[in-house]
Amino acid sequence: MPDNADTDTSRYFVIKGRRWRKTDPSIPPTLEKQLVRELMSARRAVKTAKFTDDDEAMALARSRVNDAKISLGERGRPWWETPTEESLKIRLDATIRCLLRSREEGKTICTSEAARVVGGEQWRDIMPQTIEAAWELENAGELHVTQKGERVSEPASGAIRLRKTWQSR
């Protein structure tokens, strides 16, 4: 048996001879549940798009699946490796989008929720990057940054929340 067999079983599982990366175990259970729910919803959207032969719906659904898989740590840079700046930003963006999609219309998320998914126990260390990612997504028109229910502009002092825009995918 290889020396890394224990590590491999904690990081991967095998189905029909193919190795698949496991979900990042440091994601808090309540947030993991939301991300998995979004992944399953996105997979159902892929199936529907295939059935209706809708290329635009298919592209959107596949994008949702990709975001969910990245958020869960199942794609992108492996969750057990130290993230690069770029890989951290990619995972934060995907996580913010997934958490927003998993909420009812008009509901918000806190930036700390995305940081907890991506940063595990050291989530406070990545709060500056999480807030920066939120502002970049605001500037791209993907979400609104709010305080006390009102949209704010950069720089905002104090805690912020994120709300999906009506045009968000």
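Residues numbered from 1 in each chain as written. Predicted model: local features only at pLDDT ≥ 70, side-chain atom pairs only at ≥ 80, totals over all residues. Heavy atoms only, no water.

**Q** Kindly report on the environment of Ala-49, identifying the contributing residues and their values.
**A** Residue position: Ala-49 is located in helix H2 (residues 29-52). Residue Ala-49 is classed as buried on the basis of its relative accessible area, which comes to 3%. Expressed as a C-alpha distance, the spacing of Ala-49 and Lys-33, which sit 16 residues apart in the sequence, is 24 Å. Those residues within four positions of Ala-49 in sequence are excluded, and the remaining contacts are Asp-54, Ala-57 and Met-58. (Helix = DSSP H or I, 4+ residues; strand = E, 2+ residues; numbered from the N terminus. Buried < 20%, exposed > 50% of the residue type's maximum accessible area, 1.4 Å probe, protein only. Contact = heavy atoms within 4.5 Å.)

**Q** How would you explain the nonpolar core if you had to name every residue and give the values?
**A** Nonpolar side chains in soluble globular proteins generally cluster together in the buried interior. Counting 35 residues, the largest nonpolar core has Ile-96, Leu-143, Val-145 and Leu-162 as the members making the most contacts within it. Elements with a contribution of two residues or more to this core: H2, helix H3 (55-71), helix H4 (85-101), helix H5 (111-119), helix H6 (127-139) and strand E4 (143-147). Sequence-distant contacts of Leu-162, that is, excluding residues within four places in its chain, are made with Ile-96, Leu-100, Lys-107, Thr-108, Ile-109, Thr-111, Ala-134, Leu-143, His-144 and Val-145. (Core = buried A, V, L, I, M, F, W, Y, C linked by side-chain atoms within 4.5 Å.)

**Q** Quick one: what's the story with the pattern of salt bridges, residue by residue and with numbers?
**A** Scanning the model with the defined rule gives 13 salt bridges in all. Between Asp-8 and Arg-19 there is a salt bridge; the shortest N-O distance is 3.6 Å. Of the two residues, Asp-8 sits in helix H1 (residues 5-11) while Arg-19 sits in strand E2 (residues 18-21), which places them eleven residues apart along the sequence. A relative accessible area of 25% means that Asp-8 is categorised as partly exposed. On the accessibility criterion, Arg-19 (46% relative accessible area) is partly exposed. When the shortest N-O distance is used, the salt bridge between Arg-64 and Glu-38 registers 2.8 Å. Note that Arg-64 is positioned in helix H3 and Glu-38 in helix H2, a separation of 26 residues in sequence. (Salt bridge = Lys/Arg side-chain N within 4 Å of Asp/Glu carboxyl O.)

**Q** Pulling in residues and values, what's your account of the confidence of the model for the protein chain?
**A** Per-residue confidence for the protein chain averages 91 on the pLDDT scale, and 93% of its residues sit at or above 70. Of all helices and strands in the protein chain, the one with the weakest mean pLDDT is H1 (72), whereas H5 scores best (97). (pLDDT = per-residue confidence, 0-100.)

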